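Report on the structure
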Amino acid sequence: TTTRYYEFVISEATGSPNGFERTMLVVNNQFPGPLVEVNSGDELVVNVFNQLPNGTTIHWHGQLQNGTNYMDGTNGITQCPIPPGMNFTYRFTINPSQYGTFWYHAHASTQYTDGIYGPLVIHSPSEPIFGQYDRDALVILSDWYDVMSSGLLTQYLSSAGIDGSNYGGVNPGAEPPPDSGLINGKMNGSSFDLEPNLSYRLRIINMGTLTEFMFSVDSHVLSVVEADGISIEPVNVHRVPIHVAQRYSVILTTNQTAGSYNVRGEMQSSCYKLSNPNLNTMVLATMTYGASPTTPNTQDWSDAIPALCLDLNSTMIVPQIAMDPPNSTDVVQVFMSFQQTIQSGGTQTLAFMNSTSWLSDTTNPTLLQMSKAGIQTTFDSNQLVVVNDNITVFDLILNNYDDASHPFHLHGHVFWILGEGDGSYTSGVSQLSTTNPPRRDTLTLPGYGWVAIRFITDNPGLWAFHCHIGWHMAAGLLMQFADLPGQIQQLQIPSYLSDQCAQQGGGVVAN
Ligand code: C2O
């Protein structure tokens, strides 16, 4: 196998992605972080040097990590944060069955919101689209704040809330609305200089914290061919909705009149509980071919949303390599909600999965607890852990008691999406589909709705399942699956992982 070696230096820097100068967090002084590019089956080694004043971890979003759960990079679950001034080497094999578009990001509190994220692309001749297009390009969408996330998070979780009206007010749990949107790390300044009459694979990744985007390019039809690393039957659309942490590849052909065109990332701000009057929700970049770049005066597609727009979970996403899930052996229903809670520090609005609001234990990750104590481990009341002793075909039915849609991500697995709907799920309904359902790693749970997923619990370790909205995860919207606890003690957990936990002074990650 080939080993791909990278060094990441994580540090603070001064930057102004939207024109407003602030302290932000960067990988190798780049924003977004450097592209990590591998082939299926390669070994990836990333030595991460932490030059932040706080601890950090890096998560490889969508990587299956079969047999290497301890390299998943989730603070409080698979490792302790890398202390300031220390380094940690992530080393794992890219699953030979995986290809497509992924990303990496800090997985400690809301740190990634401040800039620690970048793309991860896996190439493979087995990918159905291999060799079918001329060029690759990255489109990284993100929302952006003018201040560090740690302060916003404290305010968001406090009894006053972001707008001062949280407890007893009209907006319990109202998230901080972003100040800008960015395309490839810039507000309205990015350019795509392409060649005429070629087909481009645009790999669209939403690395934001709160915002779903609607992506489009004026006058160009987008043929969607990949969703979260799964090749899908091509669908031609004008607009692609993409929620936080999701990825799509689209094929765009540069066959229109030579010139410059608007590339649009429209922020779906109607989902915000608080509005920001200074936010410009239409983020623009310029795509040019066959001519010198000019400021485009092209028009947005005139058709109303959702006409000619990808339908996220259901019928439009058909995997090219068909795979019907086996019959399920286990079913669990989970309800997510936000609730006002009396904490020692006062009243907070926290996020709950069933009756549990996750609190990361940065000095005692659940993986290490389980590998030391074995399968009898019982976790404290802040940890909802579903333990699967055997390989099961697991159905998870997730009900949303909140009015907003939530992007949920499962670590270490690709799941089938069997169905979704409004209201609460009622058992026995027939709308669960088991004929080549969509497979992905990040779903969109509709507001006041439900979604049913199925996955196979064959990957020993502790896997997070959480809302990828940074504020929500930090408020506790996370649960874990413990696959095959009997095999966790056999994992080759490097000793420096437990050593770093022993070195934690406590409170290393700002929270
Ligand atoms: Cu993108 Cu828990 O991860």
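Bear in mind that the values here come from a model prediction, so they are computed numbers and not experimental data.

**Thoughts on the overall build of the protein chain**
Along the protein chain, the regular secondary structure elements total five helices and 30 strands. At 22 Å, the protein chain has a C-alpha radius of gyration in line with the 24 Å of a compact globule built from 511 residues. C-alpha extents for the protein chain along the principal axes are approximately 65 × 50 × 50 Å. Scored against the burial criterion, the 511 residues of the protein chain give a buried share of 51%.

**Regarding the sheet that holds strand β5 (residues 58-61)**
Two orientations exist for strands paired in a sheet by backbone hydrogen bonds: parallel and antiparallel. Taken together, the four strands give an open sheet; going across it, the order is β3-β8-β7-β5, and neighbouring strands pair in mixed fashion. Where the open sheet ends on each side, the last strands, each with one partner, are β3 (36-39) and β5. Each strand axis lies, on average, 20° off the axis of its neighbour in the sheet, ignoring direction. One ladder, built from six bridges, connects strand β7 (residues 100-106) with strand β8 (residues 117-123); its direction is antiparallel. Residue pairing across strands places T101 opposite V121, the latter belonging to β8.

**Observations concerning the sheet that holds strand β15 (residues 230-237)**
One open sheet accounts for six strands, arranged β10-β9-β12-β17-β14-β15; its pairing is mixed. The sheet is open, and its two edges are formed by β10 (180-183) and β15, each paired on a single side. Strand-to-strand twist across the sheet, computed as the mean angle between neighbouring axes with direction ignored, equals 25°. In this sheet, strand β17 (residues 247-253) lies alongside strand β12 (residues 199-206) in antiparallel orientation, the contact comprising seven bridges. Residue pairing in the sheet places L202 in a bridge with V250 of β17.

**Side note on the nonpolar core**
Of all hydrophobic cores here, the largest spans 128 residues; its most connected members are L141, I204, V224, V240, V250 and I453. What V224 contacts, discounting residues up to four positions off in sequence, is I232, P234, V235, V237, V240, Y248, V250 and L310.

**Notes on the domain arrangement of the protein chain**
Note on interface size: it is often stated as the accessible area lost on association of the parts. The domain boundaries assigned to the protein chain delineate domain 1 (3-123), domain 2 (135-289) and domain 3 (330-503). Placing the centre of domain 1 and that of domain 3 at their C-alpha centroids yields a distance of 21 Å. Of the residues lining the interface, 24 residues belong to domain 1; the matching set on domain 3 comes to 25 residues. The class makeup of the residues in the side of domain 1 that touches domain 3 is ten nonpolar, 13 polar and one charged.

**Topic: the pairing of strand β14 (residues 222-227)**
Of all six residues in β14, five are buried; the element is thus mostly enclosed. When β14 meets β15, the two strands line up antiparallel, connected through five bridges. Looking at the pairing, A227 lines up with I230 of β15. Between β14 and β15, which pair antiparallel one after the other, the connecting turn spans two residues, and D228 there sits at a positive phi close to 50°. Bridging between β14 and β17 involves four bridges; their strand directions are antiparallel. The residue bridging A227 from the neighbouring strand is Y248, located in β17.

Conventions adopted
- Residues numbered from 1 in each chain as written.
- Predicted model: local features only at pLDDT ≥ 70, side-chain atom pairs only at ≥ 80, totals over all residues.
- Helix = DSSP H or I, 4+ residues; strand = E, 2+ residues; numbered from the N terminus.
- Rg over C-alpha atoms; globule rule 2.2 N^0.38 Å.
- Buried ≥ 20, exposed ≤ 12 C-beta atoms within 10 Å, placed from the backbone.
- Pairing = 2+ DSSP bridges.
- Axes fitted to C-alpha atoms, helices over the stretch in contact; angles between N-to-C directions.
- Core = buried A, V, L, I, M, F, W, Y, C linked by C-beta atoms within 7 Å.
- Contact = placed C-beta atoms within 7 Å.
- Domains from an automatic or database assignment.
- Nonpolar A, V, L, I, M, F, W, Y, C, P; charged D, E, K, R; others polar.

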